[in-house]
Amino acid sequence: MDKLRVLITHRQIAAKVAEMGASITADFAGEPVVLIGVLKGATIFLADLARHIQLDVSFDFIAVSSYGNAKQHSGVVRLVKDVDQSLEGRNVILVEDLLDTGLTLVYIKNLLQAHQPKSFKIAALLDKVSRRSEPIHADYVGFVIPDEFVVGYGLDFAGRYRNLPDVCVLESDSDRA
Ligand code: PRP
């Protein structure tokens, strides 16, 4: 049986997401923004963040395959679902649950910048800074976390635990890193 240890409570998350929304609202000063959620992990964060942005907000979603059910990044990112509309001339905010090695975001950033948006920013709820192998950072970061396997608030292990309100460390005797 998996053992879960709460790392960040739903109250801490709610307060931080409200702060991030306020920062985005201030930075874009009345301009419209499009939030691009990276499926599936970012869905819950995007839903909460969007409600704290007091601007004209629209959504789109992108899906890539990199980890699958594996613990280690395959090193190869494959596009599973592209955005539905052109992002040319728009203020794009890429919304991610977790920034880890950075391989996924570098791939998505290159893909989206080809649309020639007016601006491009990244909002990541969690940042495992110590794991970064790529030269990329988020403009809006919720929490810098240690290199532990986390689930909840959108993050999964083999499809499970995305619905947990808190971000939890999944502890077990197996080889989870
Ligand atoms: C997670 C997360 C990021 C990616 C970050 O996605 O949502 O997309 O890994 O890792 P990286 O910085 O090392 O590239 P995952 O592949 O677990 O898919 P999911 O969002 O569907 O859970």
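Model, not experiment: these values are computed from the prediction.

Details of the side chain of Asn91
Argument step 1. Relative to the assigned elements, Asn91 resides in strand E5 (residues 91-99).
Argument step 2. One polar contact links Asn91 to Glu31, side chain to side chain, over a distance of 2.8 Å.
Argument step 3. Among residues more than four places away in sequence, those in contact with Asn91 are Phe28, Glu31, Pro32, Val33, Val34, Lys118 and Ser119.

A few points about the sheet that holds strand E8 (residues 150-151)
Argument step 1. Pairing is antiparallel across the open sheet formed by three strands, whose spatial order is E1-E9-E8. The open sheet terminates on both sides in strands that have one partner only, identified here as strand E1 (3-8) and E8.

Examining the nonpolar core
Argument step 1. By size, the foremost hydrophobic cluster in this structure holds 27 residues, and its most contacted members are Ile24, Leu35, Phe45, Leu49, Ile93 and Leu126.
Argument step 2. At the level of elements, helix H1 (10-28), strand E2 (33-39), helix H2 (43-50), E5, strand E6 (119-127), strand E7 (140-144) and strand E9 (167-171) are the ones that each hand at least two residues to this core.
Argument step 3. Examining the composition of this core, we find that five residues originate from one element, H1, more than from any other.
Argument step 4. With residues near it in sequence (within four places) discarded, Ile24 still touches Leu49, Ile53, Leu55, Ile93 and Tyr140.
Argument step 5. Ile36, Leu87, Phe120 and Ile136 belong to the second-largest nonpolar core, a separate cluster that totals 19 residues.

Quick notes on the sheet that holds strand E4 (residues 78-81)
Across a sheet, strands are paired by hydrogen bonds formed along the backbone, either parallel or antiparallel in direction.
Argument step 1. Read across the open sheet, the six strands follow the order E4-E3-E2-E5-E6-E7; overall the sheet is mixed. Each edge of the sheet is formed by a strand with only one pairing partner; in this case those strands are E4 and E7. Averaged over all neighbouring strand pairs, the angle between strand axes comes to 25°, with direction disregarded.
Argument step 2. Relative to E5, E2 runs parallel, the two sharing four bridges. The partner of Val34 across the bridge, within E5, is Val92.
Argument step 3. H1 rests against E2, E5, E6 and E7 of the sheet, and its axis sits at about 160° to E7.
Argument step 4. Strands E2, strand E3 (57-65), E5 and E6 of the sheet are contacted by H2, whose axis makes an angle of about 160° with E2.

Rules of the game
- Numbering of residues begins from 1 in every chain and follows the order in which that chain's sequence is written.
- Two thresholds apply to this predicted model, a pLDDT of at least 70 for residue-level local features and 80 or more for giving and counting side-chain atom pairs, whereas whole-chain, interface and lining totals are computed over all residues.
- Excluded from the side-chain calculations are hydrogens and water; all other atoms, namely the structure's heavy atoms, are used.
- Here a helix means four or more residues in a row that DSSP labels H or I, a strand means two or more in a row labelled E, and each is numbered from the N terminus.
- In protein, a polar contact means a hydrogen-donor-capable atom and an acceptor-capable atom, both N or O and within 3.5 Å, with residues adjacent in sequence counting only if both atoms are side-chain atoms; elsewhere, any N or O pair within 3.5 Å suffices.
- Whether two residues touch is decided by their heavy atoms; if any such pair falls within 4.5 Å, the residues are in contact.
- Strands qualify as paired when DSSP identifies two bridges or more between them.
- We define a nonpolar core as any set of buried Ala, Val, Leu, Ile, Met, Phe, Trp, Tyr and Cys residues linked to one another through side-chain atoms lying within 4.5 Å.
- Here's how the labels work: a residue is buried when its accessible area is under 20% of the maximum for its type, exposed when over 50%, partly exposed in between, all with a 1.4 Å probe on protein chains only.
- For helices, the fitted axis covers only the stretch in contact; all axes are lines through C-alpha atoms, and the angles between them, taken along N-to-C directions, range from 0 to 180 degrees.

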